[in-house]
Amino acid sequence: MSGTARPNRIVAAARRPPRRRPRGVDGLVALAGVCLGAVVAQWWVTKPSLGGGAATVALAAGQLAGLLGAYLAMLGLLLAARVPVLESTLGLDRLLRLHAKLGPWTLCTMVIHALTVTLAYAALAETGALAQFWSIVTTYEWVPLAAVGLSLMLVAGVASWWRIRRRLRYESWWALHLSMYGGIALAVPHQIANGAIFVGYPVVQWLWLGLYALVLGALVAFRFGLPIVRTVRYRPRVADVVTEAPGVVSVIIEGAFHRLPLAGGQFAHWRFLARGLWWQAHPYSISGVLDGGRLRVTVRAVGDHSRALNRLRPGTRVLMEGPYGAFTASARQPGRPVALIAAGVGITPIRALLEDLPPDAAPAVLYRAHDHDDLIFQDELGPAVSGRGGTLHCLVGDRGEQPITASRLASLVPDIAGRTVYVCGPPGFAAVVLGAAKDLGIPRHRIHVEAFRLHPADASPVRREEVSACDGR
Amino acid sequence: MRRALIGAGGAVAGAVAVLAGHVLAGHVLAPGAGPNLPSAVGGAGPSSGPNETDRPLIDGTATGPRVETDYGPVQVRVTVSAGAIVEIEALILPTVHERSRWIDANLVPRLRQKVLTAQSADVDVMSGATFTSGGYLRSLQAALDQLA
Ligand SMILES: Cc1cc2nc3c(=O)[nH]c(=O)nc-3n(C[C@H](O)[C@H](O)[C@H](O)COP(=O)(O)OP(=O)(O)OC[C@H]3O[C@@H](n4cnc5c(N)ncnc54)[C@H](O)[C@@H]3O)c2cc1C
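Residues numbered from 1 in each chain as written. Chains lettered and ligands numbered in written order. Predicted model: local features only at pLDDT ≥ 70, side-chain atom pairs only at ≥ 80, totals over all residues. Heavy atoms only, no water.

A closer look at the overall build of chain B
Along the backbone of chain B there are 3 helices and 4 strands. Reading the helices (α) and strands (β) of chain B from amino to carboxyl end gives α-β-β-β-β-α-α. In chain B, buried positions account for 45% of the 148 residues. Long-range contacts, defined here as pairs at least 24 residues apart, represent 54% of the contacts in chain B between residues at least 6 apart. Summed over all atoms, the accessible surface of chain B reaches about 6,900 Å², with 60% contributed by carbon and sulfur. (Helix = DSSP H or I, 4+ residues; strand = E, 2+ residues; numbered from the N terminus. Buried < 20%, exposed > 50% of the residue type's maximum accessible area, 1.4 Å probe, protein only. Contact = heavy atoms within 4.5 Å. Areas by Shrake-Rupley, 256 points an atom, 1.4 Å probe, with all protein chains shown as cover.)

Focus: the overall build of chain A
For chain A, the helix and strand inventory stands at 15 helices and 12 strands. In summary, chain A has a C-alpha radius of gyration of 26 Å against a globular reference of 23 Å for 473 residues, a match within 12%. Across the 473 residues that make up chain A, the buried fraction comes to 53%. Of the contacts made within chain A by residues no fewer than 6 positions apart, 74% connect residues no fewer than 24 positions apart. (Rg over C-alpha atoms; globule rule 2.2 N^0.38 Å.)

Some points on the packing of helix 2 (residues 54-79) of chain A against helix 9 (residues 202-234) of chain A
When two helices pack together, you describe them by how their axes are tilted relative to each other and by the distance separating the axes. Residue and element names in this part refer to chain A. It is at 9 Å that the axes of helix 2 and helix 9 come closest, and there the two elements cross at 25°. Between helix 2 and helix 9, the crossing angle belongs to the class labelled roughly parallel. Crossing geometry of helix 2 relative to helix 9 is assigned as left-handed. Contacts from Leu 67, Ala 70, Tyr 71, Met 74, Leu 77 and Leu 78 of helix 2 reach helix 9 at Trp 208, Leu 211, Tyr 212, Val 215, Ala 218 and Leu 219. For the contact of helix 2 with helix 9, the residue count by class is 12 nonpolar, no polar and no charged. (Axes fitted to C-alpha atoms, helices over the stretch in contact; angles between N-to-C directions. Parallel < 35°, antiparallel > 145°, perpendicular 65-115°, else oblique. Left-handed = near helix turned anticlockwise from the far one by under 90°. Nonpolar A, V, L, I, M, F, W, Y, C, P; charged D, E, K, R; others polar.)

Section: unusual backbone geometry
Peptide bonds are trans in most cases, and residues, glycine excluded, mostly fall at negative phi. With an omega of -5°, the peptide bond between A:Gly322 and A:Pro323 qualifies as cis. Tracing the backbone through its elements, the reader meets A:Pro323 in strand 7 (residues 318-324). Even without being glycine, A:Arg82 reaches a positive phi, approximately 60°. Note on placement: A:Arg82 falls in the loop between helix 2 and helix 3 (84-90). In this structure A:Arg82 comes out as buried when scored by relative accessible area, which is 8%. You will see that B:Gln119, though not glycine, has its phi angle at about 55°, which is positive. With respect to the helices and strands, B:Gln119 occurs in the loop between helix 2 (98-118) and helix 3 (130-147). In this structure B:Gln119 comes out as partly exposed when scored by relative accessible area, which is 29%.

Comments concerning helix 9 of chain A
Residue and element names in this part refer to chain A. Over its 33 residues, helix 9 runs 45 Å from end to end, which matches the ideal 48 Å to within 8%, given 1.5 Å per residue. Gly 225 marks the point of greatest bend in helix 9, at about 35°, and the proline Pro 227 comes within the next four residues. Among the structural elements, helix 1 (22-46), helix 2, helix 8 (170-194) and strand 7 are those in contact with the buried residues of helix 9. Looking at the residues trailing helix 9, positive phi occurs at Arg 235, about 45°. (Expected span 1.5 Å × (residues − 1). Bend = angle between axes of the 7 residues up to and from the residue.)

Brief notes about the sheet that holds strand 9 (residues 364-369) of chain A
What holds strands together in a sheet is hydrogen bonding between their backbones, with the strands either parallel or antiparallel. Residues and elements named next belong to chain A. One open sheet holds the 5 strands; their spatial order is 10-9-8-11-12, and the pairing between them is parallel. Looking at the sheet topology across the chains shown, the edges are occupied by strand 10 (391-396) and strand 12 (447-450). Strand-to-strand twist of the sheet, defined as the mean angle between neighbouring strand axes without regard to direction, takes the value 10°. Bridge analysis of strand 9 against strand 10 gives 6 bridges, and the strand direction is parallel. Note on strand 10: the bridge partner recorded for Leu 366 is His 393. Packed on one face of the sheet, helix 12 (residues 378-386) meets strand 9 and strand 10 and runs near 145° to strand 10. (Pairing = 2+ DSSP bridges.)

Examining the domain arrangement of chain A
All names here are of chain A. According to the domain assignment, chain A consists of domain 1 (25-229), domain 2 (235-324) and domain 3 (331-469). Computed from C-alpha coordinates alone, the two centres of domain 1 and domain 3 are separated by 40 Å. The interface is formed by 11 residues belonging to domain 1 together with 8 residues belonging to domain 3. Both sides of the domain 1 and domain 3 interface together cover about 680 Å² of buried area, and 60% of this is carbon and sulfur. Run the count over domain 1 and domain 3 and you get 0 residue pairs in polar contact (both at pLDDT 80 or more). (Domains from an automatic or database assignment. Buried area = accessible area lost by both parts, 1.4 Å probe. Polar contact = N/O pair within 3.5 Å; in protein donor to acceptor, adjacent residues only side chain to side chain.)

Some details on the environment of A:Trp208
All names here are of chain A. As for its placement among the helices and strands, Trp 208 is situated in helix 9. On the basis of relative accessibility, which here comes to 4%, the residue Trp 208 falls in the buried class. Considering only alpha carbons, one finds Trp 208 and Phe 198, 10 residues apart in sequence, at a separation of 8.8 Å. With near-sequence residues (within four places) excluded, Trp 208 lies in contact with Val 39, Leu 67, Ala 70, Tyr 71, Met 74, Gln 191, Ile 192 and Phe 198.

Concerning the interface of chain A and chain B
Listed by partner, the interface residues are 34 residues for chain A and 29 residues for chain B. Summed over both sides, the interface of chain A with chain B buries roughly 2,700 Å², with 61% coming from carbon and sulfur. Where chain A packs against chain B, one counts 2 salt bridges. Here B:Arg3 ties to A:Asp26 by a salt bridge, and the two come within 2.6 Å at their closest N and O atoms. Our enumeration of links across chain A and chain B arrives at 7 residue pairs in polar contact (both at pLDDT 80 or more). Looking at the side of chain A that touches chain B, the elements that each hand over two or more residues are helix 1, helix 2, helix 4 (92-125) and helix 5 (129-139) of chain A. (Salt bridge = Lys/Arg side-chain N within 4 Å of Asp/Glu carboxyl O.)

Here's what the structure looks like:
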């Protein structure tokens, strides 16, 4: 480690900021709507008659549930596929939140499908439900595989339930979650072979397979292809490791980054190819672009991965997935001033975002840290803020000493109600700021939050005590 | 909110496109008038009563519409030669269910035999397989109507 001396100078953040493309998102939403309408209409035409009593109504409903389950599964996969248009416009955290919200509904529809179809056939064939279940599993084409698939999906789903997920190591959860892909794949053939909307309609079968191919293609291209291409093209390596504060280090990464689409405030998943670290990728924000196009990430030691970074040696190869995130300067409305509010190491994306603000932006920056030693980037923040005609307030102390309330915000930043607000810190902190902003009448769409967690069930590691104190309210 | 409207608009467009496709292809849009209704309502040609089958048939092959039954779709193709029904092929049968498979394997050949003997689709539906045989006979009747 090179100590606290800082030979590195921030030169810029955004070299080629990724474009927000709301029209592209609209197009994808319309496409999703067309698919949904087409599926439901095709089901309506091919469903059994509803006049045949409760059993046939249940059968029709069960078929619809199966189709909707498959549709939702594809949607969920797309949300997690890092599709660039969606990612740069909505941000990975929002997409993953939606993905997580969709999950339980998807699984419920699939379970309802299995149950109602079994019970309906049992009633039609006048057999017991269990006997019917067995006969369906053993005689329908591909249904045994689908049953295995549904079980896999249920295991993965339960692992994502926050009560369970909280207790799992991130890596264990991740491994369990992977079985979702297998589960979905196993369930595909039985739809094509047996589904009333497909039998006898080769066109529909091909279109349906085409949709799956599209989703799979997006996953392969954007989750694997793009990161590999970027890693090969940029060849990132560790250049240096610098201590910023007790327990906080900056890792400086060099590479041919001049073509990297990057905006201040974005993060990437970093995988350092060193002993004991290569098998896990962690999200860290890019806290600045240094001269020579080097990237800096700044990390607080909270667990095994973040603690090990200070032992990285220069030259270590790095794989990066990203940059991701919509917590960038392009999220503000032109002409409207901004307030940037950070707690602890949450200053990292805000540090980089500042560089993207125009010289007359007059940003108001609030930065809370537990004590003076915890304040990082002090020598950089002052010039970056004052150079843009803004004000910097460093609030030193914990939640009790430095509470963030509506009146406190208003006294520090008198015109805050008219600003676009960016918040970065642990979820508890973000929740407190969101509450205060609501009291000030700031509409939600003008507040942008980076809470350092990608799954709602994750406890943010930034300041554990703050999170637990907030949860235990 | 705006995106919800876009999605809803897309859904309507998708549904209309599919329904239009079915209409253009001449499919039956209201499935399952009930398996024991004798008359067939085919998209092809005007509907006709079963007694019209004693009119002489034109030689050729005709494919009946796909008929949805509670166990799945049924569709048959009929071949007429020298004014007589000489062959009936089941193009689609509900193979998705244990009982349906049994029906396909056992009852459909018997149904075919009955029709070939009676030279008409106006035969009794097979008890125990009312759905499948009802669909079979309705598809057949509509195919015969095309050759009437
Ligand atoms: C978008 C984003 C940007 C971030 N930026 C920064 C930053 O600039 N500086 C910084 O210090 N921290 C940042 N973090 C937090 C950082 O990712 C975690 O502190 C780090 O992954 C903890 O790993 P660990 O092994 O040290 O600790 P652990 O004790 O293993 O993990 C602590 C918690 O971190 C989360 N976590 C662990 N591994 C992962 C992973 N692979 N992917 C996602 N979450 C994981 C889980 O919620 C876990 O409960 C950011 C997080 C996100 C989501």
